[in-house]
Amino acid sequence: MRTLMLLALGAGLAGAQCEGPEPVAVEIHSLGRPGCTGRVVRTEGVVTLGAPGLQGFFVQGPADGNAETSDGIFVFLGSATVPDAGAVVTVTGRVTEFRRAGNPGFLLQIDGRMSATPLARVEARGTAPLPEPVELDPRPDNSEGHLRARLGMRVRYPAAVVTQPTNRFGEFWALRTDRTPRSIRPTVETYGDGVPVMIDDVGDRLRLEVKSLDRVPELTGALHFDFGSFRIQPAEAYRAADGGLAASRAETAGTLRIASMNVERLVRALPAADRERKIEKLARVVREQLGEPDVIGVQEVEDQELLAEVGRRVGGYDAVVLASCDVGRIANGLLWKTARVRKLGEYQFQQEAPEFRNGRCTLPDGRQFTQFLYDRPPLIVDLAAGEFRFTVAVNHWRSQIGGNERERTFGAMALAEELQRARREHVVVLGDLNDWEGSIPVLALAIEARLHHLSYWVPNADRYTLLFEGLSQTFDHILLSENLGGRVVRTGIAHFNADFPIAPFANDASTPVRAADHDVPWVALRVP
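In short, a report on the structure. (Residues numbered from 1 in each chain as written. Predicted model: local features only at pLDDT ≥ 70, side-chain atom pairs only at ≥ 80, totals over all residues. Heavy atoms only, no water.)

### Digging into unusual backbone geometry
Basically, it comes down to this: Secondary structure elements are defined from DSSP: runs of H or I of at least 4 residues count as helices, runs of E of at least 2 residues count as strands, and each element is numbered from the N terminus. The rule is simple: take the accessible area with a 1.4 Å probe, protein chains only, and divide by the maximum for that residue type; under 20% is buried, over 50% is exposed, in between is partly exposed.
Here the amide bond leading from E22 into P23 is cis, since omega sits at 0°, within 30 degrees of zero. Relative to the helices and strands, P23 resides in the loop between α1 (2-9) and β1 (24-25). Despite not being glycine, Q55 shows a phi value in the positive range, around 60°. Relative to the assigned elements, Q55 resides in the loop between β2 (40-51) and β3 (56-60). Overall, the relative accessible area of 34% leaves Q55 in the partly exposed class. Even without being glycine, R329 reaches a positive phi, approximately 60°. By secondary structure assignment, the location of R329 is in the loop between β18 (317-321) and β19 (331-337).

Encoded structure:
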């Protein structure tokens, strides 16, 4: 009966062409073919999900038997008044490719606003059972094709485990539980045999706060695309089961403890209350999660006074930050415990005394920002713990956005050359290198500067500092000169940021959890 109903919906509609006077009668599964984009069409189907928060609805027509084409589409109305699921509708509107500036990909949709075309309308014609959902199972070798062919359709995703917590937009990522467990904590070069899928909140209607390793039940909804990602918009409310993940701490061993911490934009542009809360949370991180290490390399702080305030809240720390030419006014800095360590000197590699002139970052010799090898130059600090002298180089390399592997590699080679030239005996290179441990830039640094990479000392399941699109990545690193390798007592990564949702934690000054977006690598050394 359901099949007959859906076949009847397509009666009188063109199959593969969008030719002729507008509105062109065409079935939904043909809307993605050449010649349809930009045309005003008339099509029919069953509403599978009304989404007031998205100002539209998902509609699905009869299947054409082709697994490579979608039988569903999103209809944008620009209004929160949408038809209910199960309604049979005739839709007239313009086929468009909706794109978000700065994001890859597009959503093929029908623009049903009167402002888009005077012919636009949605006409209800009764009700019908919903079509059976199609199962989502994207694999590494064809994730894009698998999802694109089901875009706009009613879908089913089996029970899953959360691989990235709820973000500020109500989105999280999950991987179906019948895929290999190593996909839950993959290194950046492997997915296992499954690809995580984003679960959205249907325009904030079904928001759920989850952390990594929580479990979600089988979900049914519509497959959507926005902000560069495919996402499931669930049809009904659901609950998650606690996966038992807890925040981890650095170990307090050895006689010299060092950590690297990206603080995620500790800047003066933050509203005063937000800045105060962030400083308090970061102070709690140093005390409670890191156990007050002797030295902390810091990334994404604007100036020395802000970092010094974090140190004052903890007590017994001093700070140094040298300004950078980063467009977001973030730079590298260092905190050190004054009772244990003294600073002997510091400098920025390949950059000195920048200032903004007429909106551009300029050095006294006239060089402009675009000519610099680094937008956040390495901060090199000479230190001493008693009679033991060592050097810490704090880094925040260029982002992967825009494909800057070449720049990161040049920066790595230049820093390695500088460290070799200075002939410092004990060297610690740390920071957010914006690349994983086996990448060309990080390998170039380790090989040319003769450094031991501590990421390889951390078990694979624990080796991550950042989550992106449901996959774990190691962007934050600590590397040691060869003569320090034998002094390592313990090393690891303290996980208390990346695995936890923003909403319950980021605004709570009473907890160190989710003080930033990156987790913190640390090392404990035994020195004289």
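### Examining the sheet that holds strand β9 (residues 154-157)
The line we're drawing: What makes two strands pair is DSSP finding at least two bridges between them.
Ordered by their spatial adjacency, 8 strands build an open sheet running β8-β9-β14-β15-β12-β11-β10-β13, and the pairing between neighbours is mixed. Of all the strands in the sheet, the pair left with one neighbour each is β8 (134-135) and β13 (215-216). Relative to strand β11 (residues 172-176), strand β10 (residues 160-164) runs antiparallel, the two sharing 4 bridges. Note that in β11 the partner of Q164 across the bridge is W173.

### Side note on a nonpolar patch on the surface
In plain terms, the rule: In this scheme, patches are assembled from residues that exceed 30% relative accessible area and form no salt bridge. Like charges are connected within 9 Å, while nonpolar side chains (Val, Leu, Ile, Met, Phe, Trp, Tyr) are connected within 5 Å. Here, Shrake-Rupley sampling with a 1.4 Å probe gives the accessible areas, and only protein chains in the shown set may cover a residue. Throughout this description, the term salt bridge denotes a Lys or Arg side-chain nitrogen within 4 Å of a carboxyl oxygen of Asp or Glu.
On the surface, a nonpolar cluster with roughly 420 Å² of combined accessible area is contributed by L443, I447, Y456 and W457. When you line up the elements, W457 lands in the loop between β26 (451-453) and β27 (466-468). Judged by its relative accessible area of 41%, W457 falls in the partly exposed class.

### Details of helix α3 (residues 272-289)
Our working rule: The span one expects for a helix is its residue count, reduced by one, times 1.5 Å.
The end-to-end C-alpha separation of α3 is 25 Å, in line with the 26 Å expected for 18 residues at 1.5 Å each. Residues R275, R277, K278, I279, K281, L282, A283, V285, V286 and Q289 constitute the buried set of α3.

### Quick notes on the packing of α3 against helix α4 (residues 304-314)
The condition that has to hold: The axes used here are C-alpha line fits, helices contributing only the stretch in contact, and every angle between their N-to-C directions lies in the interval 0 to 180 degrees. In what follows, roughly perpendicular refers to angles from 65 to 115 degrees, roughly parallel to angles under 35, roughly antiparallel to angles over 145, and oblique to any angle outside these ranges. Each crossing is labelled by how the near helix is turned from the far one, with a counterclockwise turn of less than a right angle marking it left-handed and a clockwise turn marking it right-handed. Pairs of residues are marked as contacts when any of their non-hydrogen atoms sit within 4.5 Å. Each residue gets one of three labels, nonpolar for Ala, Val, Leu, Ile, Met, Phe, Trp, Tyr, Cys and Pro, charged for Asp, Glu, Lys and Arg, and polar for the others, Gly among them.
Contact pair α3 / α4: the axes reach a minimum separation of 8 Å and the direction vectors enclose 55°. Taken together, the axes of α3 and α4 are oblique relative to one another. The hand of the α3/α4 crossing is right-handed. Residues R275, E276, I279, E280, L282, A283, V286 and R287 of α3 lie in contact with α4, whose contacting residues are L306, E309, V310, R313 and V314. A breakdown of the residues in the contact of α3 with α4 according to their chemical character gives 7 nonpolar, no polar and 6 charged.

### A look at the pairing of strand β29 (residues 476-481)
Burial within β29 is extensive, with 6 of its 6 residues counted as buried. The pairing of strand β25 (residues 427-432) with β29 spans 5 bridges and is antiparallel. Looking across to β29, one finds that D432 is bridged to D476. Two strands pair when backbone bridges link them, and β26 and β29 are joined in this way by 3 bridges, in the antiparallel orientation. Looking at the pairing, L451 lines up with S481 of β29.

Just geometry here; none of it tells us what the structure is for.
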